[in-house]
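Tertiary structure, described
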Amino acid sequence: MYTKEDCLFCKIVRGEVPCTKVYEDEDVLAFLDISQTTVGHTLIIPKEHFDNFLFVPKDLLGKVFSVAQKVSQALVAGLRAKGVNILVNTNEIAGQTIMHFHVHVIPRYSTEDAIKIDFIPREIGKLNLPKIANDISFNLKK
Ligand code: AMP
Ligand code: ZN
């Protein structure tokens, strides 16, 4: 079973595993992603363990995204990134490999960056968009 004791990012928070720190406050830690997809690729995490995006209390979510914005501003203003991608993989099907909520901030410098996030449009002719929207809005938590 997966526990906080063996969660890699909890170990980083506790200082048991090293990281290259970018920012820290009471609730949030930002450190360089070990893969450095592009130079400056940073992960923002809450210090408290939540498995993923679906479970993070909204105040804390706001704090994490606020740090993601600060780091993005530093990458654009300071490291001359031309833009950033903000990415949150949620659950294994979506590519989440570390089950401690994290936001990727991926600076983009050129079209040659070794990353491509593409939305491939599908033929929507046969889809009932109002029904899809209704199914979602009906299930929104109050
Ligand atoms: P995800 O696939 O969204 O769960 O992203 C997990 C990220 O954690 C990957 O981009 C990994 O490169 C990164 N990662 C794994 N181990 C470490 C580590 N020890 N320090 C920093 N980043 C890590
Ligand atoms: Zn954790």
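The preceding data block contains the structure.
These numbers come from a predicted model, not from an experiment. (Residues numbered from 1 in each chain as written. Chains lettered and ligands numbered in written order. Predicted model: local features only at pLDDT ≥ 70, side-chain atom pairs only at ≥ 80, totals over all residues. Heavy atoms only, no water.)

**A closer look at the pattern of salt bridges**
Pairing between side chains of opposite charge can happen when their charged atoms approach one another. Under the convention used in this document: What makes a salt bridge here is a side-chain nitrogen of Lys or Arg within 4 Å of a carboxyl oxygen of Asp or Glu, nothing more. Secondary structure elements follow DSSP: runs of H or I no shorter than four residues count as helices, runs of E no shorter than two count as strands, and numbering proceeds from the N terminus.
Scanning the entire structure with this criterion turns up five salt bridges. Among the ionic pairs, Glu 24 bridges to Lys 47, the shortest N-O distance being 2.8 Å. Highlighted residues: Glu 24 in strand β1 (residues 21-24) and Lys 47 in the loop between β3 (42-46) and α2 (58-77), separated in sequence by 23 residues.

**Let's talk about the site of ligand 1**
We count it as follows: The cutoff for a nearby residue is simple: one of its non-hydrogen atoms must lie within 4 Å of the molecule or strand. Side-chain atoms alone can form a polar contact between residues adjacent in sequence; in general such a contact is a pair of N or O atoms within 3.5 Å, and within protein one must be able to donate a hydrogen while the other accepts it. The Shrake-Rupley method, run with a 1.4 Å probe sphere, supplies the accessible areas, and residue values consider only the shown protein chains as cover. Residue polarity is assigned by list, with Asp, Glu, Lys and Arg as charged and Ala, Val, Leu, Ile, Met, Phe, Trp, Tyr, Cys and Pro as nonpolar; anything else, Gly included, falls into the polar class.
In the neighbourhood of ligand 1, 15 residues make up the surrounding shell, with Asp 33, Asn 89, Thr 97, His 102 and His 104 lying closest. One of the side-chain nitrogen or oxygen atoms of Asp 33 is found 2.5 Å away from an oxygen atom of ligand 1. For ligand 1, a nitrogen atom lies 3.2 Å from a polar atom in the backbone of Ile 34. Against a free-state accessible area of 500 Å², the protein chains account for coverage of 82% of ligand 1. Of all the secondary-structure elements, those providing two or more residues to the shell around ligand 1 are α1 (8-14) and β2 (28-32). Of the residues contributing to the shell around ligand 1, the split by class is seven nonpolar, seven polar and one charged.

**Focus: the coordination of the zinc ion (ligand 2)**
Formally: Only nitrogen, oxygen and sulfur atoms count as donors, using a 2.8 Å cut-off from the metal that widens to 3.2 Å for Na, K and Ca. Water is left out, so coordination shells may look unfilled. Between 85 and 135 degrees for all angles marks four donors as tetrahedral; over 155 degrees for opposite donors together with 65 to 115 for all other angles marks four donors as square planar and six as octahedral; every other arrangement is irregular. For each residue, the accessible area found with a 1.4 Å probe, counting protein chains only, is set against the maximum for its type, and the residue is called buried under 20%, exposed over 50%, and partly exposed in between.
For the zinc ion (ligand 2), the protein coordination sphere consists of Cys 7 (SG), Cys 10 (SG), His 49 (ND1) and His 100 (ND1), at 2.0 to 2.3 Å. Bound by four donor atoms, the zinc ion (ligand 2) shows angles of 105 to 116 degrees at the metal and therefore tetrahedral coordination geometry. One chain supplies every donor to the zinc ion (ligand 2), and in sequence these donors are spaced C-x2-C-x38-H-x50-H. With Cys 10 in helix α1 and His 49 in the loop between β3 and α2, this residue pair connects regions lying 39 residues apart in the sequence. Here the two residues Cys 10 and His 49 agree in accessibility, since each one is buried.

**A short note on the state of the cysteines**
Note the threshold: Throughout, disulfides are identified as pairs of cysteine sulfur atoms within 2.5 Å of each other.
All chains considered together, the criterion is met by zero disulfides. Of the cysteine sulfurs around Cys 19, a residue in no disulfide, the closest is that of Cys 10, at 13 Å. Look at Cys 19 and you get partly exposed, because its relative accessible area is 29%.

**Side note on the sheet that holds β2**
The cut-off we apply is this: A pair of strands is treated as paired once DSSP finds two or more bridges between them. Fitting a line to C-alpha atoms yields each axis, with helices limited to the stretch in contact; the angle taken between N-to-C directions then spans 0 to 180 degrees.
The antiparallel open sheet is built from five strands, whose spatial order is β1-β2-β3-β5-β4. The sheet is open, and its two edges are formed by β1 and β4 (83-87), each paired on a single side. When strand polarity is set aside, the average angle formed by the axes of neighbouring strands in this sheet is 20 degrees. The pairing of β3 with strand β5 (residues 103-108) spans three bridges and is antiparallel.

**Notes on the packing of aromatic side chains**
In plain terms, the rule: Centres within 6.5 Å make a pair out of two Phe, Tyr or Trp rings, where for Trp the six-membered ring is used; the pair is then stacked when the planes are under 30 degrees apart, edge-to-face when over 60, and tilted otherwise.
One pass over the full model with this rule turns up two aromatic pairs. Plain terms: the ring middles of Phe 9 and Phe 31 are 5.4 Å apart, the flat faces sit at 85 degrees to each other, and that makes the pair edge-to-face. Taken together, the positions of Phe 9 in helix α1 and Phe 31 in strand β2 put the pair 22 residues apart, joining distant regions of the chain. In this structure, Phe 9 and Phe 31 share a single accessibility class: buried.

Taken by themselves, the reported measurements are silent on function.
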